[in-house]
Amino acid sequence: MATARIVMPRTARKGEVIEIKARITHVMETGFRLDNVGQPIPRDILTRFSCSYGGQTVFLMELFTGVAANPFVAFSTVATETGELVFNWSDQKGFSQTERVRLEVT
Amino acid sequence: MTSSSKIGHQEWKRLSRRGVLTGTAGLLISVGLIDGAHATPETMQEAIAGALGETPIRPGRITLDVPPLAENGNSVSLLIEVESPMTAADHVKTIYVFAEKNPLTDVARFHLGPRAGRARVHTVIRLSQTQFVKVLAEMSDGSCWAQTAEVIVTIGGCLDPL
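Attention here is on the structure that accompanies the text.

About the thresholds
- Residues numbered from 1 in each chain as written.
- Chains lettered and ligands numbered in written order.
- Predicted model: local features only at pLDDT ≥ 70, side-chain atom pairs only at ≥ 80, totals over all residues.
- Helix = DSSP H or I, 4+ residues; strand = E, 2+ residues; numbered from the N terminus.
- Buried ≥ 20, exposed ≤ 12 C-beta atoms within 10 Å, placed from the backbone.
- Contact = placed C-beta atoms within 7 Å.
- Nonpolar A, V, L, I, M, F, W, Y, C, P; charged D, E, K, R; others polar.
- Pairing = 2+ DSSP bridges.
- Core = buried A, V, L, I, M, F, W, Y, C linked by C-beta atoms within 7 Å.
- Axes fitted to C-alpha atoms, helices over the stretch in contact; angles between N-to-C directions.
- Expected span 1.5 Å × (residues − 1).
- Arc of directions from axis to C-beta.

## Structural notes on the overall build of chain B
Logical step 1: When helices and strands are tallied, chain B shows three helices and nine strands.
Logical step 2: Counting from the amino terminus, chain B carries its helices and strands in the arrangement α-α-α-β-β-β-β-β-β-β-β-β.
Logical step 3: By residue count, 44% of the 162 residues in chain B fall in the buried class.
Logical step 4: Considering only intrachain contacts with a sequence separation of at least 6, the fraction spanning at least 24 residues in chain B is 66%.

This is the structure in structure tokens:
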């Protein structure tokens, strides 16, 4: 399991725009580096990060080789109702990691 | 070398699940990448056309906050803000980030919508050498806006051997 961190407020007023920061540890190996015998190190990158809230995907990031290791993203969302925000990182080889954070909306 | 190119093609087919046309441009570029080939302003334009089609692209509405000089190309901060009310009727749908001289021109894409509240995203990218970063925003009304920023890179990312 990679280490994922979400930084966001736990409470908000309804309609408030909150900022969310998300980071996960991942090598994001581009596939362009060569090892010490000149062979390409295989590509291993996360390709997708999503945030769902209230049953809808409210943010989606597609990651390519140009995203730095331990991918970080900060984005915002409108606090609509109390509930869980579900964050997921995945690649195209079966990796999937989900984190959940509850937001109280008053 | 042939086996390296085959591995490159297979992996690139997987990566181009979205945006098939952009992926095709990536496939064309990926042959011989290990040799040091990379995107160019022309191939970046092809990738942009693949992603956005014939829509005219206008400069403006986007502010980029990126260091003019990056000590380490493996880690370059990129903050993007697009002017938009982010209402259901008028919002940013997608933000595209391209690097004109990286081994592969696609860097990231952000899919927003009215629930974002604000069209502002911050991430950290890799730049292989001094180059322009081009950011495009596709709006809900179909219009496309663009902004570029040049980053001087002291030590390139992507290609360092171990």
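## A closer look at the overall build of chain A
Logical step 1: Helix and strand content of chain A: zero helices and eight strands.
Logical step 2: A principal-axis box enclosing the C-alpha atoms of chain A has dimensions of 60 × 20 × 20 Å.
Logical step 3: Across the 106 residues of chain A, 34% fall into the buried class.
Logical step 4: For chain A, the proportion of contacts with a sequence separation of at least 24, taken over those separated by at least 6, is 56%.

## Some remarks on the interface of chain B and chain A
Interfaces are often described in size by the accessible area the parts lose on coming together.
Logical step 1: Listed per partner, the contact involves 38 residues of chain B and 32 residues of chain A.
Logical step 2: Taken together, the elements giving at least two residues each to the side of chain B that touches chain A come down to helix H1 (2-15), strand S6 (106-111) and strand S7 (120-125) of chain B.
Logical step 3: Its residues assigned to classes, the side of chain B that touches chain A shows 18 nonpolar, nine polar and 11 charged.
Logical step 4: As judged from the two bridges shared by strand S6 (residues 72-78) of chain A and S7(B), these two strands associate in the antiparallel manner. Pairing of A:Ala74 across the sheet is with B:His122, part of S7(B).

## Let's talk about the nonpolar core
Logical step 1: Grouped together as the largest cluster of nonpolar side chains are 59 residues, with contacts concentrated most on B:Ile95, B:Val97, B:Ala108 and B:Ile125.
Logical step 2: Among the elements that take part in this core, strand S5 (residues 92-99) of chain B stands out by supplying six residues, more than any other.

## Here's the deal with the environment of B:Thr40
All names here are of chain B.
Logical step 1: Turning to its location among the elements, Thr 40 is positioned in the loop between helix H2 (20-30) and helix H3 (41-52).
Logical step 2: Measuring from C-alpha to C-alpha, the distance between Thr 40 and Glu 71 comes to 22 Å, with 31 residues separating the pair along the chain.
Logical step 3: When sequence neighbours within four positions are dropped, the list of residues in contact with Thr 40 reads Glu 100 and Lys 101.

## What about the sheet that holds strand S1 (residues 4-7) of chain A?
Logical step 1: Strands sit in the order S1(A)-S3(A)-S6(A)-S7(B)-S4(B)-S2(B) across an open sheet of six strands; the sheet is antiparallel. The open sheet has two edge strands with one neighbour each: S1 of chain A together with strand S2 (62-65) of chain B. Direction aside, the axes of adjacent strands within the sheet are offset by 20° on average.
Logical step 2: Two elements, strand S4 (residues 76-82) of chain B and S7(B), share six bridges in a ladder whose sense is antiparallel. The residue of S7(B) that forms the bridge with B:Glu81 is B:Arg120.

## Some thoughts on H3(B)
Residue and element names in this part refer to chain B.
Logical step 1: Given a rise of 1.5 Å per residue, 12 residues ought to cover 16 Å, and the 16 Å separating the end C-alpha atoms of H3 matches this to within 8%.
Logical step 2: Within H3, the full set of buried residues consists of Thr 43, Met 44, Ala 47, Ile 48 and Ala 51. What you see down the axis of H3 is that its buried residues fit within an arc of 145°, all on one side.
Logical step 3: Looking one or two residues past H3, Gly 53 carries a phi angle of roughly 65°, positive in sign.

## A closer look at the pairing of strand S8 (residues 96-105) of chain A
All names here are of chain A.
Logical step 1: Among the 10 residues in S8, one count as buried, and that is only a small part of the element.
Logical step 2: Note: strand S2 (residues 11-12) against S8, two bridges, orientation parallel. The residue of S8 that forms the bridge with Ala 12 is Val 105.
Logical step 3: By the bridge criterion, eight bridges tie strand S7 (residues 83-90) to S8 in an arrangement that is antiparallel. Residue pairing in the sheet places Phe 87 in a bridge with Glu 99 of S8.
Logical step 4: As consecutive antiparallel partners, S7 and S8 are separated by five residues, and within that stretch Gly 94 has a phi angle of approximately 105°, a positive value.

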